[in-house]
Number of protein chains: 2
Amino acid sequence: MRTLNVNTPSHAYPIFIGHNVYQQPQQTLAPYIGKRAAIISNETVAPLYLPRLQAVLDALGCAYFSIILPDGEAHKNSQTLNMIYDGLMQHRAERNTTLIALGGGVIGDMVGFAAATYQRGAPFVQIPTTLLSQVDSSVGGKTAINHPLGKNMIGAFYQPQAVLADLGSLQTLPAREFSAGMAEVIKYALLGDADFLTWLENNMAALMAQQPDVLAQAVYHCCQMKADIVAQDEKEHGIRAHLNLGHTFGHAIEAEMGYGQWLHGEAVAAGMVLACRLSETLGYLKAADTERVIALLQAANLPVAPPRMPLDKWLAHMQHDKKVQDGQMRFVVLRAFGLADIAGQINTTQLQHALQPYLAA
Amino acid sequence: MRTLNVNTPSHAYPIFIGHNVYQQPQQTLAPYIGKRAAIISNETVAPLYLPRLQAVLDALGCAYFSIILPDGEAHKNSQTLNMIYDGLMQHRAERNTTLIALGGGVIGDMVGFAAATYQRGAPFVQIPTTLLSQVDSSVGGKTAINHPLGKNMIGAFYQPQAVLADLGSLQTLPAREFSAGMAEVIKYALLGDADFLTWLENNMAALMAQQPDVLAQAVYHCCQMKADIVAQDEKEHGIRAHLNLGHTFGHAIEAEMGYGQWLHGEAVAAGMVLACRLSETLGYLKAADTERVIALLQAANLPVAPPRMPLDKWLAHMQHDKKVQDGQMRFVVLRAFGLADIAGQINTTQLQHALQPYLAA
Ligand SMILES: NC(=O)c1ccc[n+]([C@@H]2O[C@H](COP(=O)([O-])OP(=O)(O)OC[C@H]3O[C@@H](n4cnc5c(N)ncnc54)[C@H](O)[C@@H]3O)[C@@H](O)[C@H]2O)c1
Ligand SMILES: NC(=O)c1ccc[n+]([C@@H]2O[C@H](COP(=O)([O-])OP(=O)(O)OC[C@H]3O[C@@H](n4cnc5c(N)ncnc54)[C@H](O)[C@@H]3O)[C@@H](O)[C@H]2O)c1
Ligand SMILES: [Zn+2]
Ligand SMILES: [Zn+2]
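What counts, and where the lines are drawn
- Every chain's residues receive numbers from 1 upward, in the order its sequence appears when written.
- To label them, take the chains in the order written and letter them from A, then take the ligands in the order written and number them from 1.
- It should be noted that, the model being predicted, local features are given only for residues of pLDDT at least 70 and side-chain atom pairs only at 80 or more, the latter also being counted only at that level, while totals for whole chains, interfaces and linings use all residues.
- Processing note: side-chain calculations cover all non-hydrogen atoms of the structure and skip hydrogens and water entirely.
- UniProt positions are given in the numbering used here, feature names are shortened, and annotations may be inferred rather than shown by experiment.
- A run of DSSP states H or I qualifies as a helix once it reaches four residues; a run of E qualifies as a strand once it reaches two. Both are numbered from the N-terminal end.
- A residue counts toward the fit only if its pLDDT is at least 70 in both copies, and the copies are then superposed by least squares on the C-alpha atoms of those residues.
- Here, residues are in contact when the closest pair of their heavy atoms is within 4.5 Å.
- Pairing of aromatic rings covers Phe, Tyr and Trp, the last through its six-membered ring, and needs centres within 6.5 Å; plane angles under 30 degrees mean stacked, over 60 mean edge-to-face, and all others mean tilted.
- Look at NZ for Lys and CZ for Arg. If either is within 6 Å of the ring centre and within 35 degrees of the ring normal, a charge sits over the ring.
- To be near a molecule or strand, a residue needs just one of its heavy atoms within 4 Å of it.
- Under this definition, polar contacts are N or O atom pairs within 3.5 Å; protein pairs additionally need one hydrogen-donor-capable and one acceptor-capable atom, and for neighbouring residues in sequence, both atoms have to be side-chain atoms.
- The Shrake-Rupley method, run with a 1.4 Å probe, gives the accessible areas here. Residue values count only the displayed protein chains as cover.
- When residue character is reported, Ala, Val, Leu, Ile, Met, Phe, Trp, Tyr, Cys and Pro are called nonpolar, Asp, Glu, Lys and Arg charged, and the others, Gly included, polar.
- Distances define the donors: N, O and S atoms within 2.8 Å of the metal qualify, as do those within 3.2 Å of Na, K or Ca. Water is excluded, so some sites may look unfinished.
- Each residue is placed in one exposure class: buried if its accessible area under a 1.4 Å probe, protein chains only, is under 20% of its type's maximum, exposed if it is over 50%, and partly exposed if it falls in between.
- Should DSSP find at least two bridges between two strands, the strands are regarded as paired.
- Comment: axis = line fitted to C-alpha atoms, over the contacting stretch for helices; angle = value between 0 and 180 degrees taken between N-to-C directions.

Q: Would you mind showing me how to read the UniProt feature "domain: 3-dehydroquinate synthase N-terminal" (unreviewed entry) in chain A here?
A: Under the UniProt annotation, the feature "domain: 3-dehydroquinate synthase N-terminal" (unreviewed entry) is placed at residues 67–179 of chain A. In residues 67–179 of chain A, the share of helix is 34% and the share of strand is 29%. The end C-alpha atoms are 28 Å apart.

Q: Help me out: how do you make sense of the relation of the copies chain A and chain B in this one?
A: Between the two copies of the chain lies a rotation about an axis combined with a shift along it. Superposing chain A onto chain B requires a rotation of 180° together with a translation of 0.0 Å along the rotation axis, leaving an RMSD of 0.0 Å. Both copies of the chain, as the preceding transformation shows, are related through a two-fold rotation axis. Among all residues of chain A, the one whose C-alpha sits closest to the rotation axis is Ser78(A), at a distance of 4.2 Å. A high fraction, 100%, of the interface residues of chain A reappear at the interface in chain B, so the copies pair face to face through one surface.

Q: Can you help me understand the packing of aromatic side chains in this one?
A: Applying the stated criterion to the full structure yields 10 aromatic pairs over all chains. Each ring, one from Phe16(B) and one from Tyr32(B), has its centre 6.1 Å from the other, and the planes form 50°; the classification is tilted. One end of the pair, Phe16(B), is in strand β2 (residues 11–18); the other, Tyr32(B), is in the loop between α1 (25–28) and β3 (36–42), and 16 residues separate them in sequence. Taken together, the ring pairs connect Phe249(A), Trp314(A) and Phe331(A) into an aromatic cluster. We note Arg52(A) situated over the ring of Tyr22(A); from NZ or CZ to the ring centre the distance is 4.0 Å.

Q: Can you help me understand the site of ligand 1 in this one?
A: All names here are of chain A. In the vicinity of ligand 1 there are 27 residues, among which Asp-71, Glu-73, Thr-129, Thr-130 and Thr-172 approach most closely. Here an oxygen atom of ligand 1 sits 2.6 Å away from a polar atom, N or O, in the side chain of Glu-73. In the model, an oxygen atom of ligand 1 is placed 3.3 Å from a nitrogen or oxygen of the Asn-152 side chain. Here ligand 1 loses 91% of its free accessible area of 860 Å² to cover by the protein chains. For the shell around ligand 1, the secondary-structure elements that each account for two or more residues are α2 (45–60), α4 (105–117), α5 (131–137) and β8 (150–157). Taken together, the residues that form the shell around ligand 1 break down as seven nonpolar, 11 polar and nine charged.

Q: Help me understand the environment of Leu197(A) in this model?
A: Residue and element names in this part refer to chain A. Topologically, Leu-197 is positioned in helix α7 (residues 194–208). Residues Leu-197 and Lys-187 lie 10 residues apart in sequence; the distance between their C-alpha atoms is 9.5 Å. Here Leu-197 is in contact with Ala-189, Leu-190, Arg-292, Leu-296 and Phe-337, once residues within four sequence places are set aside.

Q: Looking at this structure, how should I read the site of ligand 2?
A: Residue and element names in this part refer to chain B. The local shell around ligand 2 holds 27 residues, among which Asp-71, Glu-73, Thr-129, Thr-130 and Thr-172 are the closest. Lys-151 places a side-chain nitrogen or oxygen 2.8 Å from an oxygen atom of ligand 2. The contact in question runs from a nitrogen atom of ligand 2 to an N or O atom on the backbone of Ser-169, over 2.9 Å. Relative to its unbound accessible surface of 860 Å², ligand 2 loses 91% to contact with the protein. Every element with two or more residues in the shell around ligand 2 is listed here: α2 (45–60), α4 (105–117), α5 (131–137) and β8 (150–157). When grouped by side-chain class, the residues that make up the shell around ligand 2 number seven nonpolar, 11 polar and nine charged.

Q: Just checking my understanding: could you explain the UniProt feature "binding site: Zn(2+)" (unreviewed entry) in chain A for this structure?
A: Residue and element names in this part refer to chain A. The sites that UniProt annotates as "binding site: Zn(2+)" (unreviewed entry) are Glu-184, His-247 and His-264. These annotated residues cover 81 residues of sequence, and their C-alpha atoms lie no more than 10.3 Å from one another, placing them together at a single site. Beyond its immediate sequence surroundings of up to four residues, His-264 is in contact with Leu-132, Lys-151, Glu-184, His-247, His-251 and Glu-254. A distance of 3.3 Å separates polar atoms of two side chains, one belonging to His-264 and the other to His-247.

Q: Explain the coordination of the zinc ion (ligand 3) to me, please; I cannot follow it from the model alone.
A: Between any two of four tetrahedral donors, the ideal angle at the metal is 109.5 degrees; between two of six octahedral donors, it is 90 or 180 degrees. Residues and elements named next belong to chain A. Ligation of the zinc ion (ligand 3) by protein atoms is provided by Glu-184 (OE), His-247 (NE2) and His-264 (NE2), these donors lying 2.0 to 2.1 Å from the ion. For the zinc ion (ligand 3), all donor residues lie on one chain, and their spacing in sequence is E-x62-H-x16-H. In this pair, Glu-184 sits in helix α6 (residues 175–191) while His-247 sits in helix α9 (residues 247–257), placing the two residues 63 residues apart along the sequence. Classification of Glu-184 as buried rests on a relative accessible area of 0%.

Q: Is there a simple way to explain the environment of Ala269(B) in this structure?
A: Residue and element names in this part refer to chain B. Position of Ala-269 among the secondary structure elements: in helix α10 (residues 264–281). For Ala-269, a relative accessible area of 0% corresponds to the buried category. Remark: the alpha-carbon pair of Ala-269 and Gln-298, spanning 29 residues in sequence, is separated by 9.6 Å. With sequence-adjacent residues up to four places away left out, Ala-269 is seen in contact with Ala-183, Leu-297, Leu-302 and Pro-303.

Q: I keep staring at the sheet that holds strand β6 (residues 124–128) of chain B and nothing clicks. Help me out?
A: The strands that make up a sheet are held in pairs by hydrogen bonds between backbone atoms, and each pair lies either parallel or antiparallel. All names here are of chain B. Reading across the sheet, the seven strands line up as β1-β2-β9-β6-β5-β3-β4 and stay open at both edges, with mixed pairing between neighbours. The open sheet has two free edges, formed respectively by β1 (2–8) and β4 (63–69), since each of these has just one partner strand. Averaged over all adjacent pairs, the angle separating strand axes in this sheet is 15°, with direction ignored. Direction of pairing for β1 relative to β2: antiparallel, over a ladder of seven bridges. By the bridge assignment for β2, Asn-5 is matched with Pro-14. Relative to the sheet, α4 contacts β3, β4, β5 (98–103) and β6, its axis offset from that of β5 by approximately 165°. Seen against the sheet, helix α8 (residues 212–232) touches β1 and β2 and runs at an angle of roughly 10° to β1.

Here you go:
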């Protein structure tokens, strides 16, 4: 088991990463939960992992109740959030009842937001069970639900007491979901040092086979990178925005196709190709660079082109993006691998050029 | 115009108090709003005060749109909150669009919560138009909506950029609402120094007549007291809880009667009498002290007894209170005027004794 400490200005907390995080609950759980906990999970994850967590809480003498939500990005909305509040109120959860998020990024984001807002802030613990949530959404304190007109539009910055990333739980994850998580791993490689990009290219096969050491190394490295960035810029006033590489395009894909049709990571994968194309348009990257990204994404079984849609649809979706400032769309581009930048002055012609091969008639 | 600076660990901001806060918008508004604002008000306040605010924003060159909500505590819920989010999304409000809350505490609490959560935090400005919101809810950064099973159960700590308390707007306030706000003024007098209590007893008639200087002095003093307390204890880990004097009982009254039947301040008025009775039961206050409080409340046309309900109803409501910790109800009591304390070990017999004259058969 590896331990990583995240230090944000508002709060410091540990991430435990490994195949045995449940075997040392005195270290990984006991210090971070109160006398009473609310376990919040969904219909898919609960049958797989709820009994084990309950056994651990029993052993620790922590009282708990469970709230089981419907599964899927389509349910990451205010109705499902209200199901959490209703469950907490019905079970008379108090301000110091610990909310435990057991599931992927959807559960983590919603439970984090519920914790941020229940009685103006209850403690919570993340137990991410997808690759995406382990390397990305459980780190950094962003919580949110979707609005019908935009993804993650309602949320809060709120840090957990601790994160338990049990790598063994990834074995039950559908292959498509595992690949989707790998999109964010690849994103870190494009943003970070050249060594990690090369390491990833060399180890993608082992990673896709969930070879334990390689997996642990990749998850740890990604969490470390994200933790470093968040420590510098918790509220995303600057460098944290680089983590949105591929996401402006990706969010447009998700919104256009209806949340949940394309997985978040799949949309981000295609979005990163587009971000590379835009970086080419700006004269930063070479076509060969983009081809290298495409090869890596393909090795992870990820899509490398968006669904076809007309330019005005792209624009309509992207103008709703949270990164819009004073009406100006802002894109994360790569000046080179490892050197991201925010381009705030992209005009329609440049966008059209980058998107040209992918536009609908 | 008087200016008070509130310093919380998270954020510092000014409160402008007076009859002419709109006449110096370069000082009171311009520095605190962005290029674009969303004015959020209700059907009662908007016809009275929206045109004037719009004129000021026009003069400042700030673009704006308005969202007008239904009026009343009964609407301080997730449906109305969603109306705010919908309006913000439909008007494509961005992360730096300033939300302006124009109205009483219901509007201020809801808009504050919407601001805390829209795109994980948008700037907001409070323009409180009731006495209660000027002396209490607009200061200190507590924001919330109600849950069907409990008041203010969903919320956040979130500070505004500035507060504009226009005392002139109180002239259109229904007398009953003005009195309700006076309950919180009296609460400060019970918590604070003896001079202010005496001053209030001497000036209650002038205050009820809205004599400008007296009114300004009272509002300023209350805001000052609250700002001091909030600066010491933003997140209510300690002394800030004293501001809940009368509120545990008051919330039970509001919940039992249905939100909005008893005004918040009216419930707090009766609740403070009960807090005094409980303080008597504990041997802290004398009956004569409670009579002095009752006289002051009566001079402000406030109720001094709760509606009759059986003990088990009281208990059921109060066990849902946010101040409950590990199943233990916690009451703010007065050891003496100006000396509040948290009593965490109240048993049912003591409660029954304090409530005896007011219990239903
Ligand atoms: N907060 C952040 O910083 C951040 C960052 C990135 C993504 N996100 C959010 O994360 C969400 C996506 O997260 P996700 O990819 O984990 O999706 P998800 O939570 O929907 O999980 C994917 C699917 O796998 C199932 N599942 C989870 N764990 C499993 C397991 N161990 N075995 C079998 N099935 C399992 C889930 O029930 C679901 O059906 C999006 O809503 C996105 O906006 C947030
Ligand atoms: N956030 C906090 O710290 C805090 C503290 C105390 C109370 N509160 C909350 O504040 C709320 C009560 O606030 P309130 O008493 O201002 O109630 P309110 O907002 O409902 O206003 C009372 C009534 O007066 C109307 N009104 C407002 N201004 C007016 C004006 N100038 N002229 C004519 N009518 C006007 C309103 O439309 C409403 O009908 C409660 O929900 C309570 O929980 C919050
Ligand atoms: Zn992502
Ligand atoms: Zn109050």
